[in-house]
Amino acid sequence: MAITAALVKELRERTGAGMMDCKKALTECDGDMEKAIDWLREKGIAKAAKKAGRIAAEGLTRVVAEGNRACLIEVNSETDFVAKNEQFLNLIDTAAAAILKAAPKTMEEALALDVDGVTLENKLIDATATIGEKITLRRFEIMEKADGDVFGTYIHMGGKISACVVLKNSDNAEVARDMAMQVASMSPSYVSREHMPAEIIEKERNVQMEILKNDASLSNKPEKVLKGIVEGRLSKSLQEMCLVDQIFFKNPDLKVAQVLKEANTSVEGFVRYAVGEGLEKREENFAEEVAKQIGQ
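All values reported here derive from a predicted model rather than from experimental measurement.

1. Thoughts on helix α2 (residues 19-28)
Helical geometry: 3.6 residues make up each α-helical turn, so side chains three or four residues apart lie on a common side.
Right, so step 1: Every buried residue of α2 is listed here: Met 19, Cys 22, Ala 25 and Leu 26. Buried residues of α2, viewed axially, fall in a sector of 125°; they line one side.
Right, so step 2: Asp 30, located one to two residues past α2, shows a positive phi value of around 55°.

2. Topic: the nonpolar core
Right, so step 1: Residues Ile 73, Val 75, Phe 88, Ile 99, Ile 135 and Leu 137 are the most contacted members of the largest nonpolar core, which totals 25 residues.
Right, so step 2: Among the elements of the structure, β2 (69-77), α4 (80-83), α5 (86-102), α6 (107-111), α7 (120-131) and β5 (136-144) are those that each provide at least two residues to this core.
Right, so step 3: Considering each element in turn, this core owes the most residues, eight residues, to α5.
Right, so step 4: If near-sequence neighbours (up to four positions away) are discounted, Ile 99 is found in contact with Cys 71, Ile 73, Pro 104, Ala 110, Leu 113, Leu 120, Leu 137, Phe 140 and Ile 142.
Right, so step 5: Counting residues in hydrophobic clusters, the runner-up holds 23 residues, among them Val 165, Ala 180, Val 183 and Val 267.

3. With respect to the sheet that holds strand β7 (residues 161-168)
Right, so step 1: Sheet architecture is open: three strands sit in the order β6-β7-β8, paired in antiparallel fashion. For this open sheet the edge positions go to β6 (150-156) and β8 (266-274), each flanked by a neighbour on one side alone. Each strand of the sheet is rotated relative to its neighbour by a mean of 10°, with strand direction disregarded.
Right, so step 2: Of the pairings in the sheet, the one linking β7 to β8 comprises eight bridges and is antiparallel in character. Residue Ala 163 lies in a different strand from β8, and its bridge partner there is Arg 272.

4. Observations concerning the side chain of Arg 272
Right, so step 1: Among the secondary structure elements, Arg 272 is positioned in strand β8.
Right, so step 2: Only 3.1 Å separates the side chain of Arg 272 from the backbone oxygen of Val 183, close enough to count as a polar contact.
Right, so step 3: Within the structure, Arg 272 has its side chain in polar contact with the backbone oxygen of Ala 184 (distance 3.0 Å).
Right, so step 4: Every residue in contact with Arg 272, bar those within four places of it in the chain, is listed here: Ile 161, Ser 162, Ala 163, Val 183, Ala 184, Ser 187 and Glu 277.

5. So, the packing of α2 against helix α3 (residues 33-42)
Right, so step 1: Contact geometry for α2 and α3: axes closest at 8 Å, N-to-C directions at 120°. It follows that α2 is oblique to α3 by the angle criterion. Of the two elements, α2 crosses α3, and the hand of that crossing is right-handed. Here Asp 21, Cys 22, Lys 24, Ala 25, Leu 26 and Glu 28 of α2 lie close against α3, whose contacting residues are Met 33, Ala 36, Trp 39 and Leu 40.
Right, so step 2: In terms of residue class, the contact of α2 with α3 is built from seven nonpolar, no polar and three charged.

Thresholds, definitions, all that
Residues numbered from 1 in each chain as written. Predicted model: local features only at pLDDT ≥ 70, side-chain atom pairs only at ≥ 80, totals over all residues. Heavy atoms only, no water. Buried < 20%, exposed > 50% of the residue type's maximum accessible area, 1.4 Å probe, protein only. Helix = DSSP H or I, 4+ residues; strand = E, 2+ residues; numbered from the N terminus. Arc of directions from axis to C-beta. Core = buried A, V, L, I, M, F, W, Y, C linked by side-chain atoms within 4.5 Å. Contact = heavy atoms within 4.5 Å. Pairing = 2+ DSSP bridges. Axes fitted to C-alpha atoms, helices over the stretch in contact; angles between N-to-C directions. Polar contact = N/O pair within 3.5 Å; in protein donor to acceptor, adjacent residues only side chain to side chain. Parallel < 35°, antiparallel > 145°, perpendicular 65-115°, else oblique. Left-handed = near helix turned anticlockwise from the far one by under 90°. Nonpolar A, V, L, I, M, F, W, Y, C, P; charged D, E, K, R; others polar.

Set out below in structure tokens:
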């Protein structure tokens, strides 16, 4: 497979490794991005992959909840300045309320919603024309809960991050909000290891084993000792990914699991939006720079 400048650029952004290291990793892995990320980690060149990509796009997120339904949305603008514009702020609140009420299943359905006599899509077009920057509804998610559950919601920095958590069999609004703040600040990927696909755990175990194999200081250690080190590192790595295993942000002596146990509840699910995850600002000359450095 041809190793293009675009592939090198993406791998560099996701791992922080140098251009030539990224090119070598892609060459060794026949252009497979995920394998190249693991290759770089195993060689100690990169840490964990930045799965969401580089956060660069502007805009805001919102979370709203009413009854047994909650909605998270992200609306993007080209500059942070516009994201503070009153018209933009009104637009995102209007869009969130409309999507919460109608609970559309697709982006097409969402854009077709009637908002004050016009479609939401036309609202966005009008805002683009008036404000002078492209305004887009990037994504949304609807969450549902049972009657005996409670939502916890949190909006950070005016909407740079929004999070929503469902606590099962609880009406503890304070703990629910704490859990939403935990999700917003610590960005877990799963509720617990039980919610994590087995292949994710095994993949991380293999990565940690390869890291040890490439560590000359551990080359003479018995295999049993190496396995113990791997499991210890694996546990630490997975702890950061799992909500219940994280250190509770309000009390470093407690884990989230202990807080939930004391409140006699559990987390049913959560959603976290951060502005611009996976999006980029325009960098017209970067691809040319990469191409020159890798000899294309």
